[in-house]
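Architecture at a glance
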Amino acid sequence: MSTPKPLHLNAFLMSTGHHEASWRLPESDPYANTNVTHYQNLARIAERGRFDSVFFADSPALFSDVGRRPSGSLEPTVLLTSIAAVTTRIGLIATASTTYNDPFNLARRFASVDHVSGGRAGWNIVTTASVDAARNFGLDEMPSHRDRYERAAEFVDAAQKLWDSWDDDAILADKDRGVWGDSTRVRRIDHAGASFRVQGPLNIPRSPQAYPVLVQAGSSEDGKEFAATYAEAIFTAQQTLADAQAFYADIKHRVAQAGRDPDGVRVLPGIVPILGSTEAEALAREEELDRLIVPAYARAQLARTLRVAPEDLPLDRELPADLPAEDEIEGAKSRYTLIVTLARRERLTVRQLIGRLGGGRGHRTFSGTPEQVADALQDWAAGGAADGFNVMPAVLPSGLEEFVDHVVPILRKRGLFRHEYIGRTLRDHYGLPRPANLLSRQAHPLPATT
């Protein structure tokens with residue numbers, strides 16, 4: 001029998017938990033979304049479980065209806081620096097948009113987090129499918145899906161050049177000669193493309209990991225092509241083993257076609273585990289959370305996702321037959337398709353669909369005992385559907401504590417998860433090499449100083 005490959009586990013953290021009604025539980029702090037101490041505590045729990053990383057989503061617009069759940073979030077790279085101060089090993093991944101940032105500022109920000117944390121930073125690259133975000137940046141409508149991905153590709157290219165604008169040995173720190181750095185080992189990048197003109201160099205030395213681990217979460221055709229070219233870890237939402245296997249095989253094939261090593265890319269589906277000492281207890285917890293969903297808010301959110309009016313979604317009927325086709329959707333194409341496919345496949349009413357989406361917004365929700373959750377993770381990994389998982393506790397902090405205290409020991413006993421960290425950087429945790437400097441000693445030197 002072959003030795004099982006160890007899993008990678010990330011803790012995807014969201015205020016009081018991923019279930020939209022989690023904030024209504026007696027145990028929950030409805031102000032947790034802006035409480036730094038809350039997130040520091042969660043990161044310490046995840047580090048105690050030897051998770052690869054903690055991960056934060058983000059959007060340059062208000063995340064949801066403020067009536068529905070805790071809304072408004074701290075800027076994630078700022079939050080990561082506060083977490084870095086109270087942890088030592090766990091990776092730190094933040095989301096940032098290529099549509100509403102510029103390469104220089106964002107490259108500097110992530111390099112700074114990598115320096116501050118000693119090499120633990122990761123960047124979840126998104127293109128932001130939101131009209132509200134566009135209007136926060138002076139646009140009447142969001143750019144097209146294709147335009148956003150073309151900009152994202154150029155953005156990452158420019159950022160990588162900036163991270164490579166310093167050689168690793170540029171700092172000499174020669175006190176005797178009075179020479180701090182070698183200017184021949186720091187260079188302009190002179191990037192000139194369709195969307196950006198960036199001279200460089202970056203105003204911070206090359207960081208411990210060279211640059212942050214690059215993560216991507218889109219599953220549309222453009223998203224998968226982008227991931228195949230750039231991503232080192234891929235977050236994805238899949239509902240069934242068959243769908244997850246198909247996605248896994250497809251993305252690994254695309255990575256190979258792009259001339260990269262498929263074994264150097266980690267595919268990590270999201271899972272919302274709801275634990276109980278018995279299966280009945282876990283299902284009762286899930287039902288309790290679902291009862292606390294306010295249907296009016298949830299239906300309005302579903303209507304926005306499906307591009308229809310709320311009144312077109314009667315709660316006790318299935319989805320209407322005349323929904324927009326996927327090629328008419330300009331934002332969040334893959335999530336739209338996942339939700340519609342789930343509803344059609346299982347013939348769910350709108351009320352039932354709202355319940356299924358309440359825990360993870362399209363990610364797989366699994367209620368059961370710790371052994372059953374461990375079985376589910378092992379089955380997907382052994383079945384060629386995942387290299388690990390983005391763990392999305394329905395309720396925080398209790399859901400994360402239960403996973404660390406009861407699921408992780410089972411995975412360790414089965415040889416599926418680490419007992420201790422081997423290295424110190426996020427690349428170490430993922431088993432990824434430190435990138436070579438592709439600009440080292442090339443053109444565009446800095447001008448001579450007098």
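Structure: see above.
The sections below set out a description of the structure shown in this document. Here the structure is a predicted model, which is why all the values come from computation and not from measurement.

Reading guide: rules and limits
All residue numbers refer to position in the chain's written sequence, counted from 1. Only residues with pLDDT of at least 70 are given local features in this predicted model, and only at 80 or more are side-chain atom pairs given and counted; all residues enter the totals for whole chains, interfaces and linings. The basis for every side-chain value is the complete set of non-hydrogen atoms in the structure, without hydrogens or water. The numbering of helices and of strands both runs from the N terminus, where a helix is a DSSP run of H or I of at least 4 residues and a strand a run of E of at least 2. A 3.5 Å cut-off defines polar contacts: any pair of N or O atoms within that distance qualifies, except that in protein one atom must be a possible hydrogen donor and the other a possible acceptor, and neighbouring residues in sequence count only when both atoms are side-chain atoms. The criterion used for residue contact is that any of the two residues' heavy atoms lie within 4.5 Å. Here's how the labels work: a residue is buried when its accessible area is under 20% of the maximum for its type, exposed when over 50%, partly exposed in between, all with a 1.4 Å probe on protein chains only. The criterion for strand pairing is that DSSP finds at least two bridges linking the strands in question. Between N-to-C directions, angles span 0 to 180 degrees; the directions come from axes that are lines fitted to C-alpha atoms, helices contributing only their stretch in contact. We call two directions roughly parallel when the angle between them is under 35 degrees, roughly antiparallel when it is over 145, roughly perpendicular when it lies between 65 and 115, and oblique otherwise. With the far helix as reference, a near helix turned anticlockwise by less than a right angle produces a left-handed crossing, and one turned clockwise produces a right-handed crossing. When residues are sorted by character, Ala, Val, Leu, Ile, Met, Phe, Trp, Tyr, Cys and Pro go into the nonpolar class, Asp, Glu, Lys and Arg into the charged class, and all the rest, Gly among them, into the polar class. Ring geometry is summarised as follows: Phe, Tyr and Trp rings, the Trp one being its six-membered ring, pair when their centres sit within 6.5 Å, and such pairs are stacked at plane angles under 30 degrees, edge-to-face over 60 and tilted between the two. By definition here, charges over rings are those cases where NZ of Lys or CZ of Arg is within 6 Å of the ring centre and within 35 degrees of the ring normal. For a helix, the expected span equals 1.5 Å multiplied by the number of residues minus one. This arc corresponds to the set of directions leading from the helix axis out to the C-beta atoms.

A separate point is the side chain of threonine 95. Topologically, threonine 95 is positioned in strand 3 (residues 91–97). Within the structure, threonine 95 has its side chain in polar contact with the backbone oxygen of phenylalanine 56 (distance 2.9 Å). At a separation of 2.9 Å, a polar atom in the side chain of threonine 95 contacts the side chain of asparagine 124. For threonine 95, the contacting residues outside a window of four places in its chain are Phe55, Phe56, Ala57, Asp58, Pro76, Asn124 and Val126.

Here the focus is the pairing of strand 12 (residues 364–368). The buried count for strand 12 comes to 4 of 5 residues, which makes it a mostly enclosed element. Pairing of strand 11 (residues 266–275) with strand 12, which is carried by 5 bridges, proceeds in the parallel orientation. Within the sheet, the bridge partner assigned to leucine 275 lies in strand 12 and is glycine 368.

Axis separation between helix 12 (residues 370–382) and helix 13 (residues 398–413) bottoms out at 9 Å; the angle between their running directions is 55°. Taken as axis vectors, helix 12 and helix 13 run oblique relative to one another. Between helix 12 and helix 13 lies a crossing of right-handed hand. Touching Pro370, Glu371, Val373, Ala374 and Leu377 of helix 12 are Phe403, His406, Val407, Ile410 and Leu411, all from helix 13. Broken down by class, the residue content of the contact of helix 12 with helix 13 amounts to 8 nonpolar, 1 polar and 1 charged.

The next point concerns the packing of aromatic side chains. Going through the model one piece at a time under the given rule, you end up with 14 aromatic pairs. On the numbers, 5.9 Å between centres and 75° between planes, the contact of phenylalanine 51 with phenylalanine 403 is edge-to-face. Pair noted here: phenylalanine 51 is in the loop between helix 1 (36–48) and strand 2 (53–56) and phenylalanine 403 is in helix 13, with a separation of 352 residues, a long-range link. Each member of the pair, phenylalanine 51 as well as phenylalanine 403, carries the same accessibility label: buried. An aromatic cluster is defined as three or more aromatic residues linked by ring pairs; in this entry it consists of Phe110, Trp123, Phe155, Trp163, Phe196 and Tyr211. For arginine 427, the ring lying beneath its charged end belongs to tyrosine 211, and the centroid distance is 5.3 Å.

Our focus in this paragraph is the pairing of strand 3. The buried count for strand 3 comes to 7 of 7 residues, which makes it a mostly enclosed element. Of the strand pairs in this sheet, strand 2 and strand 3 are connected by 4 bridges, and their pairing is parallel. Counterpart to serine 53 in the pairing with strand 3 is glycine 91.

On the secondary structure map, glutamine 238 appears in the loop between strand 10 (233–236) and helix 7 (241–257). For the pair formed by glutamine 238 and leucine 400, sequence separation is 162 residues and the distance between their alpha carbons is 21 Å. Leaving out residues up to four positions away in the same chain, glutamine 238 has contacts with Ser219, Asp243, Ala244, Phe247, Leu338, Arg364 and Trp380. Only 2.8 Å separates the side chain of glutamine 238 from the side chain of threonine 236, close enough to count as a polar contact.

Residues three or four positions apart in an α-helix share a direction because the helix packs 3.6 residues into each turn. The terminal C-alpha atoms of helix 9 (residues 295–306), which comprises 12 residues, lie 16 Å apart, in line with the 16 Å expected from a rise of 1.5 Å per residue. Here helix 9 has its buried residues at Ala298, Leu302, Ala303, Thr305 and Leu306. Burial along helix 9 is one-sided: seen end-on, the buried residues are contained in an arc of 160°. Arginine 307 sits one or two residues past helix 9 and shows a positive phi near 60°.

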